[in-house]
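Chain residues, written in single-letter form:
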Amino acid sequence: MNRDQFQKWIDEYGTGQRENKSCNGIDWVLVTMKDTWIALFEYVNGSYIPYIQCKDKEHALSYINVLERPSVPFDVI
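Rules and cut-offs
- Residues numbered from 1 in each chain as written.
- Predicted model: local features only at pLDDT ≥ 70, side-chain atom pairs only at ≥ 80, totals over all residues.
- Heavy atoms only, no water.
- Helix = DSSP H or I, 4+ residues; strand = E, 2+ residues; numbered from the N terminus.
- Buried < 20%, exposed > 50% of the residue type's maximum accessible area, 1.4 Å probe, protein only.
- Areas by Shrake-Rupley, 256 points an atom, 1.4 Å probe, with all protein chains shown as cover.
- Lys, Arg positive; Asp, Glu negative; His and termini not counted.
- Charge placed at Lys NZ, Arg CZ, Asp CG, Glu CD.
- Polar contact = N/O pair within 3.5 Å; in protein donor to acceptor, adjacent residues only side chain to side chain.
- Contact = heavy atoms within 4.5 Å.

Draft legend 1. Summary view of the overall build of the protein chain. For the protein chain, the helix and strand inventory stands at 2 helices and 4 strands. Oriented by its inertia axes, the alpha-carbon framework of the protein chain measures out at about 40 × 25 × 25 Å. Looking at the 77 residues of the protein chain, the share that counts as buried comes to 27%. Carbon together with sulfur atoms contributes 49% to the accessible area of the protein chain, which is approximately 5600 Å² in total. On the protein chain, the mean spot of the 8 positive side-chain charges and the mean spot of the 11 negative ones are 5 Å from each other.

Draft legend 2. Region of the structure containing the side chain of Glu 42. Position of Glu 42 relative to the elements: it lies in strand β3 (residues 38-44). What makes Glu 42 buried here is its relative accessible area of 3%. Side-chain polar atoms of Glu 42 contact the side chain of Tyr 51, separated by 3.0 Å. Setting aside residues no more than four positions away along its own chain, Glu 42 makes contact with Ile 26, Asp 27, Trp 28, Ser 47, Tyr 48, Ile 49, Tyr 51 and Arg 69.

So, in structure tokens, the structure goes:
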């Protein structure tokens, strides 16, 4: 989703509290939702890609800490 769609999503489902994080070469935005869960979005070239919702910030950070981009080309067979 683009920035306007992302902001609309935050206005509808979030509390307005968001935090940018970078981990293992991936940029993330953590958005606190109205039910206090944390929604994770990957930020890539101006787009926000929804990933997962975590019950708290600790779980969100542990999730993003284990993800990384492959550093070599790979094929899926």
